[in-house]
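# Fold and contact review
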Amino acid sequence: MRKPLLLSLVLLLALAAIAAAAAGGAQAGTVTKIDDAAKTFTLHGHHKDWTFKANDKTTYWLGAKTQGSWSDLRVGTNLRVVSHEEGGEIVADKVHVLADHPGENHP
């Protein structure tokens, strides 16, 4: 009786971990849209678009050691974003600029 209960609990925890990883994680792609007022940006990755919300805890990196800022984001820039889900939104934790691409200035 205990084995089926324990196995069910382990499966439930594994499924919860998979769901949490799918909600956040890391995505890479090209910036297609920036909304300064809402502090959001959209990234086009492999066959999918992701919209991220930035907040005061979001960090920006230009290369491995140079810290950047929100103003460094440009349409056309290649990024890697580490994120998590919060309140139905995908929140950007770390934004890494992958390539030196001039892109377009914010609209």
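For the structure, check the block above.
Now for a look at the structure at hand. Computed from a predicted model, the values in this text were never measured in an experiment. (Residues numbered from 1 in each chain as written. Predicted model: local features only at pLDDT ≥ 70, side-chain atom pairs only at ≥ 80, totals over all residues. Heavy atoms only, no water.)

## Focus: the environment of D35
How we decide: Note on conventions: DSSP H or I runs of at least 4 residues are helices, E runs of at least 2 residues are strands, and numbering of each starts at the N terminus. Contacts are assigned to residue pairs that have any heavy atoms within 4.5 Å of one another.
Here D35 is to be found in strand β1 (residues 25-35). Expressed as a C-alpha distance, the spacing of D35 and K53, which sit 18 residues apart in the sequence, is 9.6 Å. Leaving out residues up to four positions away in the same chain, D35 has contacts with T40 and W70.

## Things to note about the side chain of T58
What counts, and what does not: Nitrogen and oxygen atoms within 3.5 Å of one another constitute a polar contact, given that in protein one can donate a hydrogen and the other can accept it, and given that sequence-neighbouring residues count only through two side-chain atoms.
With respect to the secondary-structure elements, T58 resides in the loop between β3 (49-53) and β4 (59-62). Polar side-chain contacts of T58 include one of 2.9 Å to the backbone nitrogen of N55. At a separation of 2.6 Å, a polar atom in the side chain of T58 contacts the main-chain carbonyl oxygen of A92. Excluding residues that lie within four positions of it along the chain, T58 makes contacts with A92, D93 and V95.

## Concerning the environment of A28
Looking at the secondary structure, you find A28 in strand β1. Considered as a pair, A28 and V97 are 69 residues apart in the sequence and their alpha carbons are 9.8 Å apart. Look past the residues within four positions of A28 in its chain and what remains in contact with it is L43, H44, G45, L79, R80 and L98.

## Looking at the pairing of strand β2 (residues 40-44)
Looking down a regular strand, the side chains alternate between one sheet face and the other. To be explicit about the condition: Any residue under 20% of the maximum accessible area for its type is buried, any over 50% is exposed, and the rest in between are partly exposed; the area is computed with a 1.4 Å probe on protein chains only. We treat two strands as partners when DSSP finds at least two bridges between them.
Of all the 5 residues making up β2, 4 are buried; the element is thus mostly covered by neighbouring parts of the structure. Adjacent in sequence and paired antiparallel, β1 and β2 are bridged by 4 residues, among which K39 carries a positive phi angle near 60°. Taken together, the 5 bridges between β2 and β3 define a ladder with antiparallel strand orientation. Of the residues in β3, the one forming a bridge with H44 is D49. Linkage of β2 to β3, two consecutive antiparallel strands, is achieved through a turn of 4 residues, within which H47 is found at a positive phi near 60°.

## Some points on the packing of aromatic side chains
How we decide: Only Phe, Tyr and Trp rings take part, Trp by its six-membered ring, and two of them pair if their centres are within 6.5 Å. Stacked means planes under 30 degrees apart, edge-to-face means over 60, and tilted covers everything else. Both a distance and an angle decide whether a charge sits over a ring: NZ of Lys or CZ of Arg must be within 6 Å of the ring centre and within 35 degrees of the ring normal.
Counted according to the given criterion, the structure contains 2 aromatic pairs. Taking 5.3 Å as the distance between ring centres and 25° as the angle between the ring planes, the aromatic pair formed by F41 and F52 counts as stacked. One end of the pair, F41, is in strand β2; the other, F52, is in strand β3, with 11 residues separating them in the sequence. F52 sits in the buried class, given a relative accessible area of 0%. The rings of F41, F52 and W70 are connected pair by pair, giving a single aromatic cluster. Over the ring of W50 we find K48; its NZ or CZ atom is 4.6 Å from the centre of that ring.

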